[in-house]
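Topology and contacts: notes
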Amino acid sequence: KKYPIFIGLRKITQIIWNPEWVPPDSEWVLESHTDVEPGEHIKAGDKRNPLGKLKIPLGDAYLIHQARKPSDLGHLVSHGCIRMLKDDVSDLANKIVAARSLPITAEQIEHAMNSTDRLVANGKPPVPIDINYDTQVVEGGVLHIYPDVYGRDTNTVENLREVLRSVGVDASKLDDQTLKQMLDRSNANEEFVVSVADIKSGNVLMAGRNQPLTSQSIIAKKAPTKHKAHHGARGRR
């Protein structure tokens, strides 16, 4: 939570397959990566390298990169970076290569994805990327309410009313208590989803459902706790 992603406009000028990782000189490294040293060069394929197969620099040490495991998504694990599933970040990289007609072949990409050989694509002109922090999103006629992991007070009744108005819902027909119950349904491992049609019909709480943020979230939630944590022990999300 101390290292949030930058919100705003940035530029993509490079894609790197099989990147090495150089841990920053940060308290975050000491707390969450006890087996590395700041400034150490961790090669691709090393289990200690959290960048995975791909990284897309966004400037000022911010990155889009592969998540080490699916349960990392939606949780506070990065040093201000955006983590994506391997297939998703690979698809994004391929789209950038195609959009900018970069001199990288499909064969080169396939080789990089199946080896630890480094491959770099430099893109001109840069690809602009607008980074937002939206915890209430309507996509394909479905409202998604995500947990406000940074505690930025985005999941408010007022914000929810505005989002609903933007998709043609008469929010005046929904009382504050109902909207608050919708917001309270999201949690650290789950989002709350409901179709706009069900909201308009007044069936929002009955029709809405909780859904794991990732396929691993529900497993983590149900996993039995065998031991209690000792006081002073440090954990990471």
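Below is a short write-up of the structure. (Residues numbered from 1 in each chain as written. Predicted model: local features only at pLDDT ≥ 70, side-chain atom pairs only at ≥ 80, totals over all residues. Heavy atoms only, no water.)

Comments concerning the environment of Trp17
Mapping Trp17 onto the fold places it in strand S1 (residues 8-17). Classification of Trp17 by relative accessible area gives buried; the value is 0%. The spatial distance from the C-alpha of Trp17 to the C-alpha of Ala93 is 9.4 Å, given a sequence separation of 76 residues. Setting aside residues up to four positions removed in sequence, Trp17 forms contacts with Lys53, Leu54, Ala93, Val97, Ile109, Ala112, Met113, Asp117, Arg118, Leu119 and Ala121. (Helix = DSSP H or I, 4+ residues; strand = E, 2+ residues; numbered from the N terminus. Buried < 20%, exposed > 50% of the residue type's maximum accessible area, 1.4 Å probe, protein only. Contact = heavy atoms within 4.5 Å.)

Re empty space enclosed by the protein
Within the structure shown, the criterion is met by two cavities of 30 Å³ or more. Empty space within the largest cavity amounts to approximately 50 Å³. If you go around the largest cavity, you meet 14 residues; those closest to its centre are Ile12, Thr13, Ile96, Leu102 and Gly123. Elements supplying a minimum of two residues to the lining of the largest cavity: S1 and strand S5 (119-131). Take the lining of the largest cavity: its biggest share by element is seven residues, from S5. (1 Å grid on protein atoms, 1.4 Å probe; cavity = no way out; pocket = protein on both sides within 12 Å on 5 of 7 lines; lining within 4 Å. Points joined across faces, edges and corners; volume = space filled by probe spheres on them.)

A look at the packing of helix H4 (residues 157-166) against helix H5 (residues 176-184)
Following both chains from N to C, one finds H4 and H5 inclined at 95 degrees, their axes separated by 10 Å at the closest point. With respect to each other, H4 and H5 are oriented roughly perpendicular. Together, Val157, Leu160, Arg161 and Leu164 of H4 and Asp176, Leu179, Lys180, Met182 and Leu183 of H5 make up the contact between the two elements. Here the residues of the contact of H4 with H5 are counted per class, giving six nonpolar, no polar and three charged. (Axes fitted to C-alpha atoms, helices over the stretch in contact; angles between N-to-C directions. Parallel < 35°, antiparallel > 145°, perpendicular 65-115°, else oblique. Nonpolar A, V, L, I, M, F, W, Y, C, P; charged D, E, K, R; others polar.)

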